[in-house]
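# An overview of the molecular structure
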Amino acid sequence: MHQLTKTDFIQYLNCPESLWLLKNKPEDSPKGEFSLFLEKLIKEGYEVEEYAQQLSPNAIKLPDFGSAELTEQEINKGNTTFFQATFVTEKGVFARIDILEKKADDSWHIYEVKSSTSVKKDKKHNHLKDACFQKFAMLENGYNVSQVSIIHLNKEYTRKGEINPSQLLEIEDVTEQIDAIYSGVVNEINSSVNFINRQSINLDVCSCREKTRSNHCDSFRYFNKDVPDYSIYEIGRISAKKIIELVDQDVFAIADIPSDYTLNDKQQLQVESVRQNQPIIDSKEIENKLSSLQFPLHFVDYETYASAIPRIDGVRPHQHIPFQVSIHTMQKDGSIKHFEFLADALELPIKLIEFMETSTGKTGTFISWHDSFEKSRNKDMIEMLPQYENYLSYMNNNMFDLEDIFKTDYVDYKFHGSTSIKKVLPVLLPELSYDTLEVQNGTMALDVWGRMVLDDDFDEDKEEVRKNLLAYCELDTLAMVELYRELKKHSM
């Protein structure tokens, strides 16, 4: 009999077949990348738990890998509050509860601790079903659970000096919400236990076949080997309803979509690109958009650090702090000058902003890729450092998103339904590649820089790390420059 943990259960809800594969044929199950960044997230989750535990200073801390028998022994001794209480049902449902408290009427209060700033109810992170799972394990062991709460970070909290756990955290009573869905979740738990203990399942298809690409499990390719390249799942922002309609018609390749099938204009451009085996380019519209830009053009990109627990004063949980910027400035005659800044410590970005303003002034157009990120960071910095509002507001009011052109005016099926610069660049300019860089994406940049400035045991060559970070961020803005130049060739 296989054991079912809370993490397993959430995976079952997303894709039962992928969980069966993990339990029954682990050698065939994708292992996934256990990155240093994932390590960071796990560590931050423990940090939030430690602050939550300070709210119950008299609780008994059970071993991190303690047994259900040990928990039962401690309860039988008359103890009333526990960290990491463990329960296992006869059918192998395994629950470890963050904080458990006995009430005056001998019933129990479950507290689940989350490092988010709210109670999540989406498919991938359903905190209510998490809590139902914990309650189920206790009820199956004969305990009466009368109350369930979720402890999460207070999104309004701004650090000022030493952290006060009661201000950092919010306790949200979700008992009524749990009661409303509990019976349905119990059915799902029982179904998941039965499913993972089946002797065999169909290995040629999984439940994700009728879901959008962002909701596919890690084992999608293993189960759905018949799905071709340039499949319907790559169509930009296609709905699950459309996916189901096409799957029901046994249509998986974009090229096989019926000519009278209804898609929106953007999606239809992608389909047409497949059919014509070439990009669909609106030269006139590209010209209109690029000609509206005011020189000098400042191609700009930030790298940022964020953490669940604010590390410095003036910052909220999970708030991004820009620590690096690259700017390529292009004059009207086509000449280019590069500016770059990389912070030596985690601090409010005063030096970064002053560097940018000295480098660019309040002139011209700022060009970014997916500009909502840069604009949001600028708004955050205005909130942190209102003395720089004039410059940062100028940036936001004079910013152009180069990515937008690749949504409607230059559509190529070879982008695989994405307008990420890392999908566009290899198609248009394969000679510019991130593959040779030590730092290859923003997540890696956040991780390595954060460890370099915060970890006393960091043992890598800091000068080499700085060099790698600068090279990555520089390529982000150089790529925009070269893509801009490439687009100019296609404008009328």
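Below is a short write-up of the structure.

Cut-offs and rules
Residues numbered from 1 in each chain as written. Predicted model: local features only at pLDDT ≥ 70, side-chain atom pairs only at ≥ 80, totals over all residues. Heavy atoms only, no water. Helix = DSSP H or I, 4+ residues; strand = E, 2+ residues; numbered from the N terminus. Buried < 20%, exposed > 50% of the residue type's maximum accessible area, 1.4 Å probe, protein only. Contact = heavy atoms within 4.5 Å. Areas by Shrake-Rupley, 256 points an atom, 1.4 Å probe, with all protein chains shown as cover. Lys, Arg positive; Asp, Glu negative; His and termini not counted. Charge placed at Lys NZ, Arg CZ, Asp CG, Glu CD. Core = buried A, V, L, I, M, F, W, Y, C linked by side-chain atoms within 4.5 Å. Pairing = 2+ DSSP bridges. Axes fitted to C-alpha atoms, helices over the stretch in contact; angles between N-to-C directions. Phe/Tyr/Trp six-rings, centres within 6.5 Å; stacked < 30°, edge-to-face > 60°. Lys NZ or Arg CZ within 6 Å of the ring centre and 35° of its normal.

### Quick look at the overall build of the chain
The secondary structure content of the chain amounts to 18 helices and 13 strands. Based on the C-alpha atoms only, the size of the chain along its principal axes is roughly 80 × 60 × 40 Å. When the 492 residues of the chain are sorted by exposure, 50% land in the buried category. Here the analysis covers contacts within the chain between residues at least 6 apart in sequence; of these, 66% occur between residues at least 24 apart. Accessible surface for the chain amounts to roughly 23900 Å². Of this, 46% is attributable to carbon and sulfur atoms. Charged side chains of the chain number 55 positive and 82 negative; the gap between the two group centres comes to 3 Å.

### Digging into the nonpolar core
Membership of the largest hydrophobic core comes to 67 residues, with the highest contact counts inside it found for Met 356, Leu 392, Met 395, Leu 402, Trp 449, Leu 469 and Leu 483. If one sorts the elements of this core by residue count, helix H18 (residues 462–490) sits on top with 11 residues. Once you skip the residues sitting within four places of it in the chain, Leu 392 turns out to touch Ile 353, Met 356, Asn 378, Met 381 and Ile 382. In terms of nonpolar packing, the next biggest core, distinct from the first, is built from 64 residues, Leu 128, Phe 223, Leu 246 and Ile 254 among them.

### Observations regarding the sheet that holds strand E10 (residues 336–342)
Strand order in the open sheet formed by 5 strands is E10-E9-E8-E11-E12, and the pairing between neighbours is mixed. The open sheet has two free edges, formed respectively by E10 and strand E12 (399–401), since each of these has just one partner strand. Neighbouring strand axes in the sheet, compared pairwise and without regard to direction, differ in orientation by 25° on average. Sitting on the sheet, helix H12 (residues 350–360) is in contact with strand E8 (297–305), strand E9 (321–330), E10 and strand E11 (365–368), with an inclination near 10° to E9. Contacts between helix H13 (residues 371–384) and the sheet are confined to E8, E9, E11 and E12, with E8 contributing the most and set at about 70° to the helix.

### Some remarks on the side chain of Ser 273
If you trace the backbone, Ser 273 turns up in helix H10 (residues 265–276). Using a relative accessible area of 0% as the deciding quantity, one classes Ser 273 as buried. Sequence-distant contacts of Ser 273, that is, excluding residues within four places in its chain, are made with Gln 278, Pro 279, Ile 280, Val 411, Asp 412 and Tyr 413.

### With respect to the packing of aromatic side chains
Applying the stated rule across the entire model yields 19 aromatic pairs. Ring-pair connections join several aromatic residues into one group, and the members of that group are Phe 82, Phe 87, Trp 108 and Tyr 143. Between the NZ or CZ atom of Lys 40 and the centre of the ring of Tyr 305, over which it lies, the distance is 5.3 Å. The cationic tip of Lys 422 hangs over the ring face of Tyr 434; the distance from NZ or CZ to the ring centre is 4.4 Å.

### With respect to the pairing of E11
It is a general feature of regular strands that their side chains alternate between the two faces of the sheet. Every second residue of E11 is oriented toward a common face, with Thr 365 and Ile 367 on one face and Phe 366 and Ser 368 on the other, all of them buried. Direction of pairing for E8 relative to E11: parallel, over a ladder of 3 bridges. Residue pairing for E11: Leu 297 is matched across the bridge by Thr 365.

### Section: unusual backbone geometry
Each neighbour pair has its own omega, and for Phe 295 with Pro 296 the value is 0°, a cis peptide bond. Structurally, Pro 296 can be placed in the loop between helix H11 (283–291) and E8. In this model, Gln 84 sits at a positive phi of 65°, which is unusual for a non-glycine residue. With respect to the element layout, Gln 84 can be found in strand E2 (residues 81–88).

### Remarks on the sheet that holds strand E6 (residues 169–173)
The 6 strands are arranged E1-E2-E3-E4-E5-E6 in an open sheet whose pairing can be described as mixed. Strands with a single pairing partner mark the edges of an open sheet, and in this sheet they are strand E1 (60–61) and E6. Pairing between strand E5 (residues 145–153) and E6: 5 bridges, direction antiparallel. The residue bridging Ser 149 from the neighbouring strand is Asp 173, located in E6. Helix-sheet contacts for helix H5 (residues 127–140) involve E2, strand E3 (94–102), strand E4 (108–113) and E5, and the interaxial angle to E3 is about 85°.

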